[in-house]
Amino acid sequence: MRIGCGFDIHAFGSMKPLIIGGVKIPYHQGLLAHSNGDVLIHSLIDAFLGATAIGDIGTLFPSENKKYKNINSRTLLKDVWKKIYSKNYRICNVDTTIIAETPKILPHIFLMRSNISSDLNIEIEKVSVKSTSSKMIGCIGRKEGIACQSVVMLIESKNSNLKKKY
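Residues numbered from 1 in each chain as written. Predicted model: local features only at pLDDT ≥ 70, side-chain atom pairs only at ≥ 80, totals over all residues. Heavy atoms only, no water.

**Topic: the packing of helix α1 (residues 39–52) against helix α4 (residues 109–120)**
And then number 1: Between α1 and α4, the shortest axis-to-axis distance is 12 Å and the interhelical angle comes to 40°. It follows from the interaxial angle that α1 and α4 lie oblique. In the crossing of α1 with α4, the sense of the turn from one axis to the other is right-handed. Between α1 and α4, the residues in contact are L40, I41, L44 and F48 and M112, I116 and L120, respectively.
And then number 2: The residue makeup of the contact of α1 with α4, split by class, is seven nonpolar, no polar and no charged. (Axes fitted to C-alpha atoms, helices over the stretch in contact; angles between N-to-C directions. Helix = DSSP H or I, 4+ residues; strand = E, 2+ residues; numbered from the N terminus. Parallel < 35°, antiparallel > 145°, perpendicular 65-115°, else oblique. Left-handed = near helix turned anticlockwise from the far one by under 90°. Contact = heavy atoms within 4.5 Å. Nonpolar A, V, L, I, M, F, W, Y, C, P; charged D, E, K, R; others polar.)

Have a look at this one:
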């Protein structure tokens, strides 16, 4: 088994749409980022990369590369998962926690889980998305941005007869 954890945080201040878990959330500002700023997907990518020890999101998708400017982070997640899947890793579960004072995340969680489940080609029951606030403490509490932490558990399949999905 391999376990990875990821973390991401972005400040508000963009006129881009607010995208979390691939869901466009109605809000008066988006997150500052080179890509679309999806903190959930970014933390999830880093968790996968950490579990397999193949780098981090900044190394694989550097912000200096114009190719990744405003890219949909779900595209990056799919790319990372294909690499990991090809190394015979399979997902046991994914657990994420979004930390935000505002906007409310709860109404969007099912769609976020659905997006991740679809992108990773796994059952929705293997995907947990939770949200919490920072109880008015720190930059999140001051409503300056949003953070997310993720944990993934992978197993390495030794079965060479597994049918590749990608």
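Next comes the rest of the account.
**What to know about α1**
And then number 1: Taking 1.5 Å per residue, 14 residues should reach 20 Å; α1 reaches 20 Å between its end C-alpha atoms and fits that length.
And then number 2: Of all 14 residues in α1, 13 are buried, a share of seventy percent or more. (Expected span 1.5 Å × (residues − 1). Buried < 20%, exposed > 50% of the residue type's maximum accessible area, 1.4 Å probe, protein only.)

**Regarding the environment of A147**
And then number 1: By the element assignment, A147 lies in strand β7 (residues 145–156).
And then number 2: Note on A147: relative accessible area 3%, which makes it buried.
And then number 3: Along the primary structure A147 and D38 are separated by 109 residues, whereas in three dimensions their C-alpha atoms are 9.7 Å apart.
And then number 4: Contact partners of A147, with chain neighbours within four places excluded, come to F7, D8, I9, V39, T97, I98, I99 and I140.

**Quick word on the pairing of strand β6 (residues 127–132)**
And then number 1: Pairing of strand β5 (residues 89–99) with β6 involves six bridges; the strand directions are parallel. When the bridges of β6 are listed, I99 appears paired with T132.
And then number 2: Following the backbone out of β5, through α4 and into the adjacent parallel β6, one traces a crossover that is right-handed. (Pairing = 2+ DSSP bridges. Right-handed = clockwise from strand over helix to strand, strands pointing away.)

**A closer look at the nonpolar core**
One broad trend across soluble globular proteins is that nonpolar side chains are buried collectively.
And then number 1: In this structure, I20, L40, F48, I98, M112, L120 and I146 are the most contacted members of the largest nonpolar core, which totals 42 residues.
And then number 2: Top element by residues in this core is α1. It accounts for nine residues. (Core = buried A, V, L, I, M, F, W, Y, C linked by side-chain atoms within 4.5 Å.)

These values are about where atoms sit, not about what they do.
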